[in-house]
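What follows is the residue order along each chain.
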Amino acid sequence: MNILVTGGAGYIGSHAIRQLLEAGHFPVVLDNLSYGHRNTIPNNVPFYHVDLKETDRIAEILREHHIEAVMHFAALISVGESVQKPLLYYRNNTAGAVSLLEAMERVGVKRFVFSSTAATYGEPEEMPIVETTKQQPINPYGRSKWFVEQILRDIAATDPKFGFAAFRYFNVAGASEDGTIGEDHQPETHLIPLVLFAAMGKRNNITVFGTDYPTSDGTCVRDYVHVNDLVTAHVLAVEALSDGDARFYNLGIGYGYSVREILDTAKKVTGKEIPTVFGLRREGDPAQLFANSDKVQKELGWQPQHTDIDEVIASAWHWHSTHPNGYAVS
Ligand code: UFG
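Cut-offs used in this document
- Residues numbered from 1 in each chain as written.
- Predicted model: local features only at pLDDT ≥ 70, side-chain atom pairs only at ≥ 80, totals over all residues.
- Heavy atoms only, no water.
- Helix = DSSP H or I, 4+ residues; strand = E, 2+ residues; numbered from the N terminus.
- Rg over C-alpha atoms; globule rule 2.2 N^0.38 Å.
- Buried < 20%, exposed > 50% of the residue type's maximum accessible area, 1.4 Å probe, protein only.
- Near = heavy atom within 4 Å.
- Polar contact = N/O pair within 3.5 Å; in protein donor to acceptor, adjacent residues only side chain to side chain.
- Areas by Shrake-Rupley, 256 points an atom, 1.4 Å probe, with all protein chains shown as cover.
- Nonpolar A, V, L, I, M, F, W, Y, C, P; charged D, E, K, R; others polar.
- Domains from an automatic or database assignment.
- Pairing = 2+ DSSP bridges.
- Axes fitted to C-alpha atoms, helices over the stretch in contact; angles between N-to-C directions.
- Contact = heavy atoms within 4.5 Å.
- Parallel < 35°, antiparallel > 145°, perpendicular 65-115°, else oblique.
- Left-handed = near helix turned anticlockwise from the far one by under 90°.
- Salt bridge = Lys/Arg side-chain N within 4 Å of Asp/Glu carboxyl O.

**Student:** How should I be thinking about the overall build of the chain in this particular structure?
**Tutor:** Across its full length, the chain holds ten helices and 14 strands. A compact globule built from 330 residues would reach a C-alpha radius of gyration of about 20 Å, and the chain, at 19 Å, matches this within 12%. By principal-axis analysis of the C-alpha atoms, the chain measures approximately 55 × 45 × 40 Å. Relative to its full complement of 330 residues, the chain shows a buried share of 56%.

See the structure below:
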């Protein structure tokens, strides 16, 4: 299948490109390179340095490559920044998706796989979270994605030929098994890379945000899903979608690890000391978030392969320790 991958030069998108090629598909990448890395993209994959707001240009690309489906990864992802700059998030994540969907409508592309987020649930009323758990996002990032979910429902309601899947991601982690691509966010805010930077001496320490949560050891619990498992669900979805589909799936492994457990595992995996500071809670962090992912397992046959946190952290360590400056040429 000819598939347009927006954000294909980013962390998750770059892993998606690899899997799509392995599965015999023909990905085409669109990325504005504001955060993505051009050198993650194999030479045989067409690449367009284009922003989501360029509707006309996107329509041309869709037409030129006879695109049959779109995987939409391109987005801003920082919760804290979204609180400071809500319009930036609504422009990029919500208006950006609208522009892309308009281009698709113009050209008649009817398949869409969307990166949504567990942040659309806000502080959920039940745990584990099922797809029917009430969505009440508590920050602009979560709302920017929630709006797109509603827009997709509206399109599906009027166009019986349109079919989409929206995945609500939990905490994406790890790197490719061969160690050639991995996470390189500037700035980095996610726990696992920051812990590994502390292990490498790239930063002085890691601060644990809160030790007084109502969890077994007082630190927050999150559901860490390996990036390649996450991407596999997208490949399964794009191959399964048919007319009229409006599918929503949680993507997590179904149980969580605490921040302390992540630190202990990272220490074991790296064999290094990890200087740790115990700090205050970070605003907006729920105590626990983990998915019930029965639906995606049942409907798409998804089975995460990397559910052992040692393995997830080991793959991230392989990447970071061999690429201490990420994709930058050092
Ligand atoms: N944490 C620390 N210290 C740090 C960084 C994080 O203790 O320096 C803690 C956080 O408090 C949290 C856990 O580690 O409990 C994981 O934090 P991350 O920042 O790695 O991830 P989040 O759970 O905050 O966010 C993730 C995604 C978001 C998404 C959210 C959905 O990165 O995009 O899940 O709830 F919005």
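On we go from here.
**Student:** How should the site of the ligand be read in this particular structure?
**Tutor:** Not every one of the 21 residues close to the ligand is listed here, only the nearest: His 190, Leu 191, Thr 207, Arg 282 and Asp 285. At 2.7 Å from a nitrogen atom of the ligand is found a main-chain nitrogen or oxygen belonging to Thr 207. In this structure, Arg 222 approaches the ligand through a side-chain N or O atom, which is 2.9 Å from an oxygen atom. Summarising the interface, the protein chains cover 91% of the accessible area of the ligand, which totals 680 Å² for the free molecule. If you list the elements that add at least two residues to the shell around the ligand, you get α6 (191-200) and β8 (206-209). When residues in the shell around the ligand are grouped by element, the largest group, four residues, is from β8. Per-class residue counts for the shell around the ligand are 13 nonpolar, five polar and three charged. Mapping the shell around the ligand onto the domain boundaries places at least three of its residues in each of domain 1 (2-172 + 224-251) and domain 2 (191-222 + 254-291 + 300-322).

**Student:** Would you mind going over the sheet that holds strand β2 (residues 26-31) with me for this structure?
**Tutor:** Pairing between the strands of a sheet comes from backbone hydrogen bonds, and it takes one of two forms, parallel or antiparallel. Within the open sheet, the seven strands sit side by side as β3-β2-β1-β4-β5-β6-β11. Their pairing is parallel. In this open sheet, the two edge strands, each paired with only one partner strand, are β3 (47-49) and β11 (246-251). Averaged over all neighbouring strand pairs, the angle between strand axes comes to 20°, with direction disregarded. One ladder, built from three bridges, connects β2 with β3; its direction is parallel. Its bridge partner being in β3, Leu 30 is matched across the sheet by Tyr 48. Strand contacts of helix α7 (residues 227-240): β1 (2-6), β4 (69-72), β5 (111-117), β6 (163-169) and β11, with the helix running at about 165° to β6, the strand carrying the most contacts.

**Student:** When you look at the sheet that holds strand β12 (residues 257-258) in this model, what are you seeing that I'm missing?
**Tutor:** Strands sit in the order β12-β9-β14 across an open sheet of three strands; the sheet is mixed. One side of each edge strand has no neighbouring strand; the edge strands of this open sheet are β12 and β14 (288-289). When strand β9 (residues 221-222) meets β12, the two strands line up antiparallel, connected through two bridges. Bridging across to β12, Val 221 finds its partner in Ser 258.

**Student:** What is the right way to look at the side chain of Thr 270 in this model?
**Tutor:** With respect to the helices, strands and loops of the structure, Thr 270 is situated in helix α8 (residues 259-270). Here Ala 266 takes part through its backbone oxygen, which lies 2.7 Å from a polar atom of the side chain of Thr 270. Non-local contacts of Thr 270, meaning those with residues more than four positions away in its chain, are made with Leu 196, Ala 199 and Trp 317.

**Student:** Could you clarify how one ought to interpret the packing of α6 against α8 in this entry?
**Tutor:** In contact at an axis separation of 10 Å, α6 and α8 are set at 45° when each is read in the N-to-C sense. If you check the angle between α6 and α8, you find them oblique. The crossing of α6 and α8 is right-handed. In this structure, α6 contributes Leu 191, Ile 192, Val 195, Leu 196 and Ala 199 to the contact, and α8 contributes Val 259, Ile 262, Leu 263, Ala 266 and Thr 270. Considering only residue class, the contact of α6 with α8 consists of nine nonpolar, one polar and no charged.

**Student:** For this particular structure, what's the right way to read the pattern of salt bridges?
**Tutor:** Pairing between side chains of opposite charge can happen when their charged atoms approach one another. Taken as a whole, this structure holds 13 salt bridges when the rule is applied. Asp 51 serves as the salt-bridge partner of Lys 53, at 3.8 Å between the closest nitrogen and oxygen. Asp 51 sits in the buried class, given a relative accessible area of 16%. Each of Arg 111, Lys 161 and Asp 243 takes part in a single network of salt bridges with overlapping partners.

**Student:** I tried to follow unusual backbone geometry on my own but got confused; where do I start?
**Tutor:** Glycine aside, a negative phi is what most residues show, and trans is what most peptide bonds show. The linkage connecting Met 127 with the following residue, Pro 128, adopts the cis geometry, with an omega of 0°. Tracing the backbone through its elements, the reader meets Pro 128 in the loop between β5 and α5 (140-158). For the bond from Gln 186 to Pro 187, the omega torsion is 0°, close enough to zero to count as cis. Relative to the helices and strands, Pro 187 resides in the loop between β7 (171-173) and α6. We note that Leu 33 has phi near 60°; this positive angle belongs to a residue other than glycine. Relative to the elements of secondary structure, Leu 33 occurs in the loop between β2 and β3.

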